[in-house]
Each structure stands twice: as structure tokens, then as C-alpha cells.
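Chain by chain, the residues run as shown.
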Amino acid sequence: MPSSQITLLGIPGSLREHSFNRALIQAAVDNAPEGVAIEMFLLHDVPLYNADVEAQGDPAPVARLKRAIVEADGLLLATPQYNGSVSGVLKNALDWASRPAFESVLAGKPAAIMGATTGRSATAKAREDLVRLLGLTRSNVMATPTLGFANAGEAIDEGQLHAEDVKQQIRELLSEFAVFVRGHQLAEAAD
Ligand SMILES: Cc1cc2nc3c(=O)[nH]c(=O)nc-3n(C[C@H](O)[C@H](O)[C@H](O)COP(=O)(O)O)c2cc1C
């Protein structure tokens, strides 16, 4: 049966200390609605995907990532936009997590998407690509709404999100995602 408390794994797709995307995840942790708890997972230790290494067994950071995904009720991803798409850091982590293909820890896992950039794009292309990419892994992605922020430097300073309107948008996304995750859990329980 679905539990009333939902636990999400928040993954920023940037390694930068004062990353705007990490700040979005931190703001989600700090502003989660009642009944939603979010744990942040940083990708610094995840090596580049290598099928030869995988064949010897998942490296410890990859095993940790996969376990954290299994234990979470859903994923909250925050991606930068790099050259019109998802950051390599996030893509690499999702490539590891997507193995074995179609039966991975991502299969059936609810996922919500945010993105922040210093540019004007608001990460629209990166978020679109992330929806498509997660679909290929058979994740249960909430394709809409996703949340994108342009000119992130105006709302985020030294890794801290100050803008109240942005915090409110994050709260609204999380509330919608909580409904999405609970619906997913009910459907699973009915199976
Ligand atoms: C290699 C590279 C490519 C980028 N390409 C884009 C882009 O296509 N569109 C965009 O809006 N911003 C682009 N940016 C700006 C990043 O989105 C911006 O640096 C963002 O703050 C990175 O995320 P972070 O703050 O979480 O580290 C690019 C930055 C880099 C380093």
C-alpha cells in the first residue's frame, strides 16, 4: 500500500560548488510540502560509464546511486543546459542507472524535472531532452509541468536561492509531483 510520506531523491546535474541546479535541489529540500522528504545525491564520485568496468561489477559510487534510487519513491532532477541539452554529468549518471536496459532501477520510477541556467533558455531544450531520455529508460516521467529558470544568477547567490517566487514555484511542482507519485503507488498496489 502507498505510504503517506513520500521520499524523493534530488539529483543536481552539476558538480559546481555554487551550482544553480544544486541550489534548486537544496531549495526543494528546504521547502518541501508536508508529507514529502527530499534527500540530495551528489554525483562527484560517479565515474565515466565504461562497459568493461560495469562487467566487473558496479563501482561503489554507482552501487550507492542505484540503491538510493531504489529506496526513493521518486526522483527530482535539476539539469543545467549545456550546448542545448542535458549536462554530461547527469547523462552519465543516468546511463549507469539505466543498466541493465529496460529492467534497471529507473524502470517505472517516477521522475520530476527542473533546470536552471544563467542564459535566457530556461533550460527548455535540456528539460525536453531529459523527458525523452527518461522515457527511453522506462522511467515514469512527469513530462508536464517541468520547471525552468533563466538568468539564474538573479535569483541565486553563492548556491543559495533567495527569490520567494521561485521557492513558491518549486513548492507547487513538488505538490503536483506528490500527487503524481501517490497515483503511481496506487496503480502499483492495484496491480
Ligand atoms: C559547456 C557549456 C555549455 C552551455 N550551454 C548553454 C546552453 O546551451 N544554453 C544555456 O542557456 N546555457 C548554457 N550554458 C550555461 C549554463 O547553463 C550555466 O553555466 C549554468 O549555470 C550551469 O549550471 P550550474 O549553475 O548548475 O553549474 C552552458 C555552459 C557551459 C559550461
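Refer to the structure above for everything that follows.
Read on for an overview of the structure. Note that the structure is predicted; figures quoted are calculated from it, not measured.

What counts as what
- Residues numbered from 1 in each chain as written.
- Predicted model: local features only at pLDDT ≥ 70, side-chain atom pairs only at ≥ 80, totals over all residues.
- Heavy atoms only, no water.
- Helix = DSSP H or I, 4+ residues; strand = E, 2+ residues; numbered from the N terminus.
- Contact = heavy atoms within 4.5 Å.
- Phe/Tyr/Trp six-rings, centres within 6.5 Å; stacked < 30°, edge-to-face > 60°.
- Buried < 20%, exposed > 50% of the residue type's maximum accessible area, 1.4 Å probe, protein only.

1. Considerations on the environment of Glu-54
Relative to the helices and strands, Glu-54 resides in helix α2 (residues 51-55). Separated by 54 residues in sequence, Glu-54 and Gly-108 have C-alpha atoms that sit 22 Å apart. Ignoring anything within four residues of it in the chain, the contact list for Glu-54 reads Tyr-49, Trp-96 and Arg-99.

2. Observations concerning the packing of aromatic side chains
In this structure the tally under the stated criterion is two aromatic pairs. On the basis of an interplanar angle of 70° and a centroid distance of 4.8 Å, the ring pair of Tyr-49 and Trp-96 is categorised as edge-to-face. Here Trp-96 lies in helix α4 (residues 88-97) and Tyr-49 lies in the loop between β2 (36-40) and α2, a separation of 47 residues in the sequence. Relative to Phe-180, the ring of Phe-177 has its centre 6.0 Å away and its plane inclined at 25°; by these criteria the two rings are stacked. A residue pair is termed a helical-turn pair when its members lie 3 or 4 positions apart in one helix, as Phe-177 and Phe-180 do in helix α6 (residues 164-190) at three residues.

3. Some words on unusual backbone geometry
Cis rather than trans, the peptide bond between Arg-99 and Pro-100 has omega equal to -5°. Relative to the elements of secondary structure, Pro-100 occurs in the loop between α4 and β6 (110-116). In this model, Phe-102 sits at a positive phi of 70°, which is unusual for a non-glycine residue. On the secondary structure map, Phe-102 appears in the loop between α4 and β6. Exposure remark for Phe-102: the relative accessible area of 49% places this residue in the partly exposed category. Of note in this structure, Asn-151 is not a glycine but carries a positive phi near 45°.

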